[in-house]
Amino acid sequence: MPEPFEEMAGLDRLVHEPARLAILTALSACESADFLFLQRLTGLTKGNLSSHLAKLEAADLIWVRKETAGRKPRTICGLKEAGQTAIDGHWERLESLRRDARQWRPVFDPGTA
Amino acid sequence: MYDLARIRYVTEHYHDLQGLIRLPVSLWLLAWSAYDLGWIYPPAWFTNEWLLFPVAAILFLALMWPIEKLYERSFGCIATERRAKVEPNKRAFWILCGGLTFWSLAIFFLTEERPVVSELGLYIAFFVFLEWRRRSDGKHLLVLGIVLAAMSLTPLFDRSMYPSATVRDVAIKLVAAAGILAVGTIDHVTLVRTLGPVRREEQSRA
């Protein structure tokens, strides 16, 4: 059985990256959010946020829609089912790692002493 | 690193945390109190005094719309699931309204006296309790509801607490106005502390 610390290296980096995890967490708490809200929430620059959203969209975790509110264009994002599954699974994996890490004890191997 | 629990909380309660939207309600209660005390009065051309209450209510509450638009322009929009219905509490609300009205009329016609308990205070307290129960958070709302309910009911035990019914209702409206403003400010600060400023590209290169 892999050590919990080894399992950490196997976490999905697409989801685990802090800014993307924050974006997915926010989108999992609502039906959709616009670009400005996500930008204020994450503190990212416009370019950075666009880049993260593009990666999540390419991985089919979120949908992105551009619409016009009055004369102003607006970008709206929402979580797809695959995205909800990914974030739920990610938290379960982190919780499992936390439990394993707390129970982990070093095994003394006389052969390597 | 991000505080994910706070991000989740603010997103789930985004509309509730737009506390400044409640500012017009506070102003309306303050204006109503000032009117009861004779400090302000409608213009001379406003002859239908019975229209004063609904017109003032509409004018003040209409201010909520531009404040909501300001939040949208400053912090963005989100779409959430429909707010949980509070059907059982709506029934309780109508029962309370009907009961209070019947009780007030009975006392007035049987004794020619106004009830010592403030129905207005109880209505406001009930709305605050409804809001607290719907949000399932916000102990500050619960505290405000309890204070208003206590102020409304204590004359039952001490009739001399207020010099008159007018003073009683003005005191309750002032406490409600201050409480609603305080609750709104707390919510607004919670929102602003989580939603940081918009970062420009130049700042990231600095």
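The rules behind the values
Residues numbered from 1 in each chain as written. Chains lettered and ligands numbered in written order. Predicted model: local features only at pLDDT ≥ 70, side-chain atom pairs only at ≥ 80, totals over all residues. Heavy atoms only, no water. Helix = DSSP H or I, 4+ residues; strand = E, 2+ residues; numbered from the N terminus. Buried < 20%, exposed > 50% of the residue type's maximum accessible area, 1.4 Å probe, protein only. Contact = heavy atoms within 4.5 Å. Areas by Shrake-Rupley, 256 points an atom, 1.4 Å probe, with all protein chains shown as cover. Buried area = accessible area lost by both parts, 1.4 Å probe. Nonpolar A, V, L, I, M, F, W, Y, C, P; charged D, E, K, R; others polar. Pairing = 2+ DSSP bridges. Salt bridge = Lys/Arg side-chain N within 4 Å of Asp/Glu carboxyl O. pLDDT = per-residue confidence, 0-100. Phe/Tyr/Trp six-rings, centres within 6.5 Å; stacked < 30°, edge-to-face > 60°. Axes fitted to C-alpha atoms, helices over the stretch in contact; angles between N-to-C directions.

Participant: Break down the overall build of chain A for me, with residues and values.
Facilitator: Along the backbone of chain A there are six helices and three strands. The helix and strand sequence of chain A, counted from the amino end, reads α-α-α-β-α-α-β-β-α. Buried residues in chain A amount to 39% of all 113 residues. Considering only contacts in chain A between residues 6 or more positions apart, those separated by 24 or more positions represent 56%. Put simply, chain A shows about 6700 Å² of open surface, and 52% of that area lies on carbon and sulfur atoms.

Participant: Now, about the interface of chain A and chain B: what can you tell me, with residues and values included?
Facilitator: On the side of chain B, 27 residues touch chain A, which itself brings 26 residues to the contact. Summing the contributions of chain A and of chain B, the shared interface buries around 2300 Å²; its carbon and sulfur component is 62%. Counting the surface chain A buries against chain B, the share from its top three residues, Phe-37, Arg-40 and Leu-41 of chain A, is 30%. Sorting the residues of the side of chain A that touches chain B by element identifies helix 3 (18–28), strand 1 (32–34), helix 4 (35–42) and helix 5 (46–58) of chain A as the ones contributing at least two each. Split into classes, the residues belonging to the side of chain A that touches chain B amount to 13 nonpolar, eight polar and five charged. Pairing analysis gives two bridges linking strand 1 of chain A to strand 1 (residues 78–79) of chain B, with the strands arranged antiparallel. Each residue of the ladder has a partner; that of Ser-32 of chain A, found in strand 1 of chain B, is Ala-79 of chain B.

Participant: Any chance you could break down the side chain of Thr-25 of chain A for me, citing the residues and the numbers?
Facilitator: Positionally, Thr-25 of chain A belongs in helix 3. Residue classification places Thr-25 of chain A among the buried residues on the basis of a relative accessible area of 3%. Ignoring sequence-local partners within four residues, the contact set of Thr-25 of chain A consists of Ile-87 and Trp-91 of chain A together with Leu-4, Ile-7 and Arg-8 of chain B.

Participant: An account of the pattern of salt bridges is requested, with residue identities and associated values reported.
Facilitator: All names here are of chain A. Under the criterion given, the structure shown has 10 salt bridges over all chains. Here Glu-67 makes a salt bridge to Arg-74, at a shortest N to O gap of 3.3 Å. Taking the relative accessible area as the measure of exposure, Glu-67 reaches 26% and is therefore partly exposed. A residue is classified by how much of its surface remains accessible, and Arg-74, at 24% relative accessible area, is partly exposed.

Participant: Any chance you could break down the confidence of the model for chain A for me, citing the residues and the numbers?
Facilitator: Counting all residues, the mean pLDDT for chain A is 84, and 85% of those residues have values of 70 or more. Within chain A, the element-level pLDDT minimum falls on helix 1 (residues 4–9) of chain A, averaging 61, and the maximum on helix 5 of chain A, averaging 94.

Participant: So what's going on with the packing of aromatic side chains? Which residues, and what values?
Facilitator: According to the stated counting rule, one finds three aromatic pairs over all chains in the structure shown. The interplanar angle of 65° and the centroid separation of 4.9 Å between the aromatic rings of Phe-37 of chain A and Tyr-14 of chain B together place this pair among those described as edge-to-face. With one member in each of two chains, Phe-37 of chain A in helix 4 and Tyr-14 of chain B in the loop between helix 1 (4–12) and helix 2 (23–36) form a pair that bridges those chains. Among the residues examined, Phe-37 of chain A registers a relative accessible area of 0% and is labelled buried. Note on Tyr-14 of chain B: relative accessible area 1%, which makes it buried. Relative to Trp-32 of chain B, the ring of Trp-28 of chain B lies with its centre 5.6 Å away and its plane at 25°, an arrangement referred to as stacked. With Trp-28 of chain B and Trp-32 of chain B both in helix 2 and four residues apart, the pair spans about one turn of that helix. Relative accessible area serves as the criterion here: at 16%, Trp-28 of chain B is assigned to the buried category.

Participant: Account for the pairing of strand 3 (residues 72–79) of chain A, naming residues and giving values.
Facilitator: Residues and elements named next belong to chain A. Bridge analysis of strand 1 against strand 3 gives two bridges, and the strand direction is antiparallel. Looking at strand 3, one finds that Asp-34 is bridged to Ile-76. Two elements, strand 2 (residues 62–69) and strand 3, share eight bridges in a ladder whose sense is antiparallel. Following the sheet pairing, Val-64 is matched in strand 3 by Cys-77. Joining the antiparallel neighbours strand 2 and strand 3 is a turn of two residues, in which Gly-70 adopts a positive phi near 70°.

Participant: With reference to specific residues and values, describe the sheet that holds strand 1 of chain A.
Facilitator: Across the sheet, which stays open at both edges, the four strands sit in the order 2(A)-3(A)-1(A)-1(B) with antiparallel pairing between neighbours. Each end of this open sheet is capped by a strand with a single partner; those strands are strand 2 of chain A together with strand 1 of chain B. Its contacts with the sheet put helix 4 of chain A on strand 1 and strand 3 of chain A together with strand 1 of chain B, and the angle it makes with strand 1 of chain A is roughly 80°.

Participant: I'd love a proper account of the environment of Leu-53 of chain A, names of residues and values included.
Facilitator: Residue and element names in this part refer to chain A. By the element assignment, Leu-53 lies in helix 5. Taking the relative accessible area as the measure of exposure, Leu-53 reaches 5% and is therefore buried. For Leu-53 and Phe-35, which are 18 residues apart along the polypeptide, the C-alpha to C-alpha distance reads 9.5 Å. Beyond its immediate sequence surroundings of up to four residues, Leu-53 is in contact with Ile-23, Phe-35, Leu-38, Ile-62 and Cys-77.

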